[in-house]
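# What the coordinates show
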Amino acid sequence: MRLRLGIPDTIFAELFVSVFPKEFFAVSKHGNHALLELLTLGEIDLALIPSLEIIGTDNLFVSKKFGVAFDGPVSDDYIYFPKDEKNLVKVGLAGNVSVNEVVLSKVIFRENYNLEIEQKVLSTLKDVEDTTLISSGDINLANGNHTHGESFSELVAEFIDAPYLKFALVSTVKENVEFVNNQITAVEEQLEIISKSVLKKAGFSQKTVDFITGNFNSVYFELTEIEKNGYEDLRKIPFYYGLVEELKEITFV
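Procedures and definitions
Counting of residues starts from 1 at the beginning of each chain's written sequence and follows it residue by residue. Local features in a predicted model are, by the rule used here, given only for residues with pLDDT of at least 70; side-chain atom pairs are given and counted only at 80 or more, and totals for whole chains, interfaces and linings are based on all residues. Computation of side-chain values covers all heavy atoms of the structure but excludes hydrogens and water. Pairing of aromatic side chains here covers Phe, Tyr and the six-membered ring of Trp, requires ring centres within 6.5 Å, and sorts the geometry by plane angle: under 30 degrees stacked, over 60 edge-to-face, intermediate tilted. For the purposes of this entry, the term helix denotes a DSSP run of H or I that reaches at least four residues, the term strand denotes a run of E that reaches at least two, and both are numbered from the N terminus. Each residue gets one of three labels from its accessible area relative to the maximum for its type: buried under 20%, exposed over 50%, partly exposed in between, using a 1.4 Å probe on protein chains only. Here the term cavity refers to a set of points on a 1 Å grid, laid over the protein atoms alone, in which a 1.4 Å probe fits but cannot get out; the term pocket refers to an open set having protein on both sides within 12 Å along at least five of seven lines, with lining residues being those that place an atom within 4 Å of a point. Grid points are joined across faces, edges and corners, and a volume is the space filled by probe spheres set on the points. Residues are grouped as follows: Ala, Val, Leu, Ile, Met, Phe, Trp, Tyr, Cys and Pro are nonpolar; Asp, Glu, Lys and Arg are charged; all remaining types, including Gly, are polar. Working rule for contacts: check all heavy atoms of both residues, and any pair within 4.5 Å makes them a contact. We call a set of buried Ala, Val, Leu, Ile, Met, Phe, Trp, Tyr and Cys residues a nonpolar core when their side-chain atoms join them within 4.5 Å. A fitted line through C-alpha atoms serves as each axis, taken over the contacting stretch for helices, and the angle formed by two N-to-C directions is quoted from 0 to 180°. Oblique is the label for any angle not covered by the other classes, which are roughly parallel (under 35 degrees), roughly antiparallel (over 145) and roughly perpendicular (65 to 115). For this document, the term salt bridge refers to a Lys or Arg side-chain nitrogen within 4 Å of an Asp or Glu carboxyl oxygen.

## Topic: the packing of aromatic side chains
By convention here, two paired aromatic rings are described through the distance between centres and the angle between planes. Going through the model one piece at a time under the given rule, you end up with 13 aromatic pairs. Ring plane angle 75° and centroid distance 5.0 Å describe the contact between Phe16 and Phe20, whose orientation is recorded as edge-to-face. Geometrically, the ring pair formed by Phe24 and Phe179 is edge-to-face, given 5.6 Å between the ring centres and 85° between the ring planes. A residue pair is termed long-range when its members are at least 10 positions apart, and Phe24 in the loop between α1 (11-17) and β2 (25-30) and Phe179 in helix α6 (residues 174-183) qualify at 155 residues. Taking the relative accessible area as the measure of exposure, Phe24 reaches 29% and is therefore partly exposed.

## Re empty space enclosed by the protein
One pass over the structure, following the stated rule, counts one cavity of 30 Å³ or more. Volume-wise, the largest cavity comes out at about 30 Å³. What lines the largest cavity is Pro8, Asp9, Thr10, Asn32, Asp76, Asn96, Gly137 and Phe167. In the lining of the largest cavity, the residues fall into two nonpolar, four polar and two charged.

## Overview of the side chain of Ser98
On the secondary structure map, Ser98 appears in the loop between β6 (90-95) and α3 (99-113). Residue classification places Ser98 among the buried positions, given a relative accessible area of 0%. Excluding residues that lie within four positions of it along the chain, Ser98 makes contacts with Asn32, His33, Pro50, Glu53 and Lys166.

## Topic: the nonpolar core
Counting 42 residues, the largest nonpolar core has Ile49, Ile54, Leu104, Val170 and Leu234 as its most contacted members. Apart from the residues lying within four places of it in its own chain, the contact partners of Leu104 are Leu52, Phe152, Val156, Tyr164, Leu234 and Ile237. Counting residues in each nonpolar core, the second largest holds 40 residues, with Leu5, Leu15, Phe16 and Leu169 among its members.

## What about the packing of helix α5 (residues 152-160) against helix α9 (residues 225-240)?
Two elements in contact, α5 and α9, have axes whose closest approach is 10 Å; the angle formed by their N-to-C orientations is 100°. By the criterion of interaxial angle, the relationship of α5 to α9 is roughly perpendicular. Contacts from Val156, Phe159 and Ile160 of α5 reach α9 at Gly230, Leu234 and Ile237. When its residues are assigned to classes, the contact of α5 with α9 shows five nonpolar, one polar and no charged.

## Some words on the pattern of salt bridges
Pairing of side chains with opposite charge becomes possible as their charged atoms draw close. Taken as a whole, this structure holds ten salt bridges when the rule is applied. Here Lys248 and Asp58 are joined by a salt bridge, their closest N and O atoms 3.6 Å apart. One end of the pair, Lys248, is in the loop between α9 and β12 (250-252); the other, Asp58, is in the loop between β3 (46-50) and β4 (60-70), with 190 residues separating them in the sequence. Of the charged contacts, one joins Lys248 and Glu246 as a salt bridge, the two residues approaching to 3.4 Å between their closest N and O atoms. What you see here is one network of salt bridges that share partners, running through Asp76, Asp77, Glu101 and Lys166.

This is the structure:
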C-alpha cells in the first residue's frame, strides 16, 4: 500500500517529489487551501503545505528533514511594484495564493515601508491595475514575468534572517513523516542531476531552466537546524503582529 501524498501545484513541489520512489507514494496535486482539509479528513496521508496554513491546527507532525525553502532570486512568489508609488499600499494577490502571502505581505510592508496595505485577491492577472502585485506559483516562471519582479521569498528570508520555509511536509500521523524521513535520501544530490529534465518536461523555456538551475543553491529541500529555527520564528509572526489569537503546537519529527 502506497502513502497518499498531496502536493501544491508548483514546480518546486514537483521537483521535490520527483525523487520519491513511486512504489511507496501516490502523488496528487491540489490547491494550497485544500491540502490541510484533505489531510485532516484522512483523504491523503501526507501533504506538502504552505507553512503558515497549519498555524491554526493542533496535533500535526512536521518533518524536520524535508520541505521547500528559499533565500535567493528563485522563488515560488514574486512581488511586482507599481510605477506610481502612491499605489504601493494597494496589493493584489494572484495565482496560488495561500495564508503565507496574505500574512507575510502585511508584515513585510509594515516593517520595510512602514505601510498598512489594502489587500485584494485577484481571480485573474487581467484584474491587475497599476498597484503592487504578489503573484504565487508557476505563472511567474512560465512566462518570464519574474524578470520584472523581486523574489518575495528573499524579502521574507532577510526579515527572519534564515531561509524561508515556504512548504512544510506534514501529517497527522507521526509514522508517515518518519517513513519519508527514513526512505528519502540525498534529495538535493539527485536533483542536481535530474532537475533540468524535470523542468524541461514541465514545459519551461531554456532561459527559465537556466535561471532556476543556475540559482539552485538558494533553494533547499533538505532542512537543517537553520531552516527549522527560521520556521519557528516565522510561524510566531502572525501571533506577534496580532493577526491570529493563538499559536497552535506542532511537533517536529
